[in-house]
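Close look at the chain arrangement
What follows is the residue order along each chain.
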Amino acid sequence: MNRREFTKAMLACGAAIPFGITRAAGQTRGGTLNTIIQPEPPVLVTALNQQQPTLTLGGKIYEGLLKYGADLKPMPGMAQSWEISPDGLTYTFKLFPGITFHDGKPMTSEDVVFSCMKLLVETHPRARQNFARVASAEAPDPLTVVFKLKQPFAPFIGCFDCTSAPIVPKHVYDGTDYRKNPENDKAIGTGPFKLKEWVRGSHVHLVRHDGYYLKDQPYLDEIVYRVIPDAASRALALENGTVQLVQWSDVEFYDVQRFKAQKNLEFTTKGYEYFAPHQWLEMNNRIAPMNDKRFRQAVMHLIDREAFSKRVYFGNAKVATGPVSSKTKFYDPNVKRYEFSVDKAKALLDDMGLKPGANGKRAEIKYIVPPYGESYQRAGEFFRQSFARVGIDLVLVGTDMAGWAEKVGNWDYEMTQNLLYQLGDPALGVARTYISSNIKKGILFSNTQGYSNPEVDKLFDEAAITLDEAKRQELYSKVQQILVEDVPVAWTLEIEYPIIYDKAFKNVVTTGIGSHETFGSVYKS
Amino acid sequence: MTRLGSAAAIGLQAIGRIAQLVAVILVIATFNFVLVRAAPGDPAQVMAGQSGASDPKLLDDLRREYGLDKPYLVQLVSHLGRVVRLDLGYSYRQRRPVVDLILERLPATLLLTVTAFCLALVIGTALGALAGLAAGSVLDTVFTVLSLVLYATPVFWLGLMLVLVFSVTLGWLPPFGYETINVQLSPIEHALDIMKHMIMPVTSLAAIYLAIYARLMRSSIIEVAQQDFIKTARAKGLSGSRIVVGHMLRNALVPVVTVAGMQAGALVGGAVVIETVFAWPGLGRLTFEALLQRDYPVLLGIFLILSIVVIALNLLTDLVYRLIDPRMTTGAA
């Protein structure tokens, strides 16, 4: 697709009647959806905090200009259409008329410019990187926003969902200390639901925003998010119908199987396409033996990832073939495959001189178990057994969240497990793990393993500013081949989190951002 | 000594005691600060870690906002200054005054723990006394086995089993929470609703305390029954009930009061496991979550209040001793 065709496709998409905007037969008004929020967010303003629970709940209160479908194509959010100039430098968005904030004030293009260029660049690390590419942002009229980029950045159109660029009211935040603004407690957005009550430690109660700009929406009257800290209690709550929807890791993977069989419940793994959670075994490339490519390749061979998926994630995961998820743009399946082979792993270890000692052991490596729940503990056990097959003693070290963040962020680890969202495009969610410029001590989710390859850096840089899709595919295919050969981290699985909900509720998953959606079109039959 | 001199002495003694308490509280506050900060981890890293994205600016902004960019000693002095002013500071994570957070959670915690504690104390002591008086009988064996089973049962398991039976299977009781959300209730209906929500968490929590008091009381009664003064009482011809109520129970209660006094301090801290299983919005969960988040002001605030409560309860326990056993009064033989 050339630039002109790309622009046409974008325009066509913008002009299409968006999913869920018109009222189809059978959509009834009313009803309450009870669901879970875990852990409890510190604040509901998604512009200020981007933890997954904040985004799930805040996604009902705050909106972005766009949404993304399961195919990752942009869909109308608060922008009803958009246009990209052929040189890829100017992005023009047309807003829906009649959008109001929950305090009754109109939402205009001024609010968009303020949110993106002033507030988010202060408070939102991802948005800070994305909008740093903008030379100027203008609001020529109340319904038009124009972003002019410093240089082309093809994934820019993928930076406008409610998690990446939530729009906040300028009249509330301009000139204030954003993080300490007392209005934060009111969470004033434009979404179909507004905050009625937040009883900390108990629940968050959202009610219908009557001034919502999409006709008839929202259909539901209320959504109640209950804080239930214990995983077994959350499963019981779904089982007995106290809650009618669970998402992400609300229920442990070993419980998911039984809910698949529960007749009143619908099960899907759709709705995570934009995030595409990608998991790997992280190895500190600075330390021997992980600093040897052959060791890292051996790790790829010694983990039976099919069995890992079945035994630890009960089949709710797909084997990852490399750095890019199969759900993300520019995924290339034609890369070197590392089949499960203990013999090949042993041969590679022997070749690098890491031979068994008198006690049959080749090495002892400390593995920090991430403190994110039962599945991570089981994964650690699985890895320990896998490494034992080749004579490597993996010592599991437990810690809590703060300890893990400090150790990994400061490179004070040998091995651990990690998981990151891919955000639809390698330039947004993949490059950050491998490029040298992102080796930053103290910063989590950067290139913490310390992999550096100038060719990889160059390819990622070039692909980000290339507009031609075919050319981008070529560049990303090449980078995937190099990375799979170098194995900076040992990719394990594409995790398929479930969304499980009562069949009485319809339209629950309609886009690639799934449970972070506004739920304006969800209705109870 | 004149009356005036005696009053002055008591006054001085009281001032001395108060000064001693303030000093103890300041030492505790310092110790808590050092202890909390000795744990690895940094609240800014935790916050960034949970957001799935981080950069130096975010960490710098958060550390500046939390005051963590200042030298360690400056932070300690500033903390002690706040303690003296009775200011518990602001929560890093929730950006609200710590005192508000504690006061919000305290009623739910006290309702749960005090109810469970009182029930356990009364029922456990009564059952233990009955078992002790009937030592060696079938009743004693049944009580002993029952209290052993209750003592050995993990509290989270008992909680989940109760939910499975009474909520999932029978549908009689709400599975979790403090109250029914989103309904209009009269004050009486609201109180009944809270009581209904309390049944399972209180039962789970009371079970373990009950077992402790029952076992303690049983062995204490058996020990007291063999004392010489009981034999003397019998020889004097006192009635069985008078011996039990007037002599045995009062003496047997001393170890129970000691243990209860020690445990009472923990009541304010909440019951982390039960609050987690039953999604009870109490102080125990707040503490646990603050620990995970390294929300230092919340942790230090809760620890300080707990320390004060424990000191106060120790004084109260001393007073109760004197009530049930006048020999413990200072100067008595």
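Refer to the structure above for everything that follows.
Residues numbered from 1 in each chain as written. Chains lettered and ligands numbered in written order. Predicted model: local features only at pLDDT ≥ 70, side-chain atom pairs only at ≥ 80, totals over all residues.

**Considering the overall build of chain B**
The condition is simple: Comment: elements are numbered from the N terminus, with helices defined as DSSP H or I runs of at least four residues and strands as E runs of at least two. Here a residue counts as buried when 20 or more other C-beta atoms fall within 10 Å of its C-beta, as exposed when 12 or fewer do, and as partly exposed in between; the C-beta atoms come from the backbone. Contact between two residues is assigned whenever their backbone-derived C-beta positions fall within 7 Å.
If you tally the helices and strands in chain B, you get 13 helices and 0 strands. Each helix and strand of chain B, ordered N terminal to C terminal, gives the series α-α-α-α-α-α-α-α-α-α-α-α-α. Taken over the C-alpha atoms alone, chain B extends approximately 85 × 70 × 40 Å along its principal axes. Across the 333 residues of chain B, 38% fall into the buried class. Sequence-distant contacts, at least 24 apart, represent 71% of the contacts inside chain B between residues at least 6 apart.

**What about unusual backbone geometry?**
Leaving glycine aside, a negative phi is the common case for residues, and trans is the common case for peptide bonds. At the junction of A:Gln38 and A:Pro39, the peptide bond is cis and its omega measures out at -5° in the coordinates. Here the phi dihedral of A:Asp216 falls at roughly 70°; this positive angle occurs in a residue that is not glycine. For A:Asp216, a count of 14 C-beta atoms within 10 Å gives the class partly exposed. Non-glycine residue B:Ala279 carries a positive phi angle of around 45°. Residue placement: B:Ala279 occurs in the loop between α11 (272-277) and α12 (283-293). Of the residues examined, B:Ala279 has 27 C-beta atoms within 10 Å and is grouped as buried.

**Digging into the interface of chain B and chain A**
In plain terms, the rule: Under this grouping Gly is polar, as are all residues other than the nonpolar Ala, Val, Leu, Ile, Met, Phe, Trp, Tyr, Cys and Pro and the charged Asp, Glu, Lys and Arg.
Contacts between the two partners involve 41 residues from chain B, matched on the other side by 45 residues from chain A. Elements with a minimum of two residues in the side of chain B that touches chain A: α2 (43-51), α3 (56-66), α5 (98-133), α7 (155-169), α11 and α12 of chain B. Considering every element that reaches the side of chain B that touches chain A, the biggest residue donor is α2(B), with 6 residues. Classifying every residue of the side of chain B that touches chain A by side-chain character gives 19 nonpolar, 12 polar and 10 charged.

**Here we look at the pairing of strand β4 (residues 79-84) of chain A**
All names here are of chain A. Basically, it comes down to this: By this definition, two strands are paired if DSSP reports at least two bridges between them.
In the sheet, β4 pairs with strand β5 (residues 90-95) via 5 bridges, with the strands oriented antiparallel. In the sheet register, Ile84 faces β5, and the bridge partner there is Tyr91. Remark: 5 residues form the turn of the hairpin made by β4 and β5, two consecutive strands paired antiparallel; Gly88 in that turn has positive phi of roughly 70°.

**Overview of the sheet that holds strand β18 (residues 489-495) of chain A**
Residues and elements named next belong to chain A. Basically, it comes down to this: Helix axes are fitted only over the stretch in contact, all axes being lines through C-alpha atoms; the angle between N-to-C directions runs from 0 to 180 degrees.
Strand order across the open sheet formed by 6 strands is β14-β18-β13-β17-β15-β16, with mixed pairing between neighbours. Each edge of the open sheet carries a strand with a single partner, namely β14 (317-319) and β16 (392-397). Direction aside, neighbouring strands of the sheet carry axes that sit 30° apart on average. Running at roughly 50° to β18, helix α9 (residues 305-313) makes contact with β14 and β18 of the sheet.

**Overview of the nonpolar core**
The cut-off we apply is this: Buried Ala, Val, Leu, Ile, Met, Phe, Trp, Tyr and Cys residues whose C-beta atoms connect them within 7 Å together make up a nonpolar core.
By size, the foremost hydrophobic cluster in this structure holds 232 residues, and its most contacted members are A:Val299, A:Ala490, B:Tyr209, B:Leu210 and B:Tyr213. Top contributing element to this core by residue count: helix α8 (residues 187-225) of chain B, with 17 residues. Sequence-distant contacts of A:Ala490, that is, excluding residues within four places in its chain, are made with A:Trp280, A:Leu281, A:Met283, A:Arg296, A:Val299, A:Met300 and A:Ile303.

**Comments concerning the sheet that holds β4(A)**
Sheets are built from strands that pair by backbone hydrogen bonding, the pairs being arranged parallel or antiparallel. Residue and element names in this part refer to chain A. If you walk across this open sheet you meet the 4 strands as β4-β5-β7-β6, and the pairing is antiparallel. This sheet does not close on itself; its edge strands, each paired only once, are β4 and β6 (134-141). Averaged over neighbouring strand pairs, the angle between their axes works out to 15° when direction is ignored. Strand direction decides the pairing type here: β5 and strand β7 (residues 144-149), joined by 5 bridges, are antiparallel. Counted as the bridge partner of Lys94 is Thr144 from β7. Contacts from helix α3 (residues 109-123) reach β5, β6 and β7 within the one sheet, and its direction differs from that of β6 by about 165°.

**What to know about the packing of α5(B) against α8(B)**
Residues and elements named next belong to chain B. Applicable threshold: Left-handed describes a crossing in which the near helix is turned anticlockwise from the far one by less than a right angle; the clockwise case is right-handed.
Between α5 and α8, the least distance of the axes is 6 Å, while the angle of their chain directions is 35°. Viewed along their axes, α5 and α8 form a crossing whose handedness is right-handed. Per-class residue counts for the contact of α5 with α8 are 26 nonpolar, 6 polar and 2 charged.

**Notes on the environment of B:Leu315**
Residues and elements named next belong to chain B. Relative to the helices and strands, Leu315 resides in helix α13 (residues 296-324). For Leu315, a count of 11 C-beta atoms within 10 Å corresponds to the exposed category. Considering only alpha carbons, one finds Leu315 and Gly261, 54 residues apart in sequence, at a separation of 9.5 Å.

Keep in mind that these numbers describe shape and distance, not what the molecule does.
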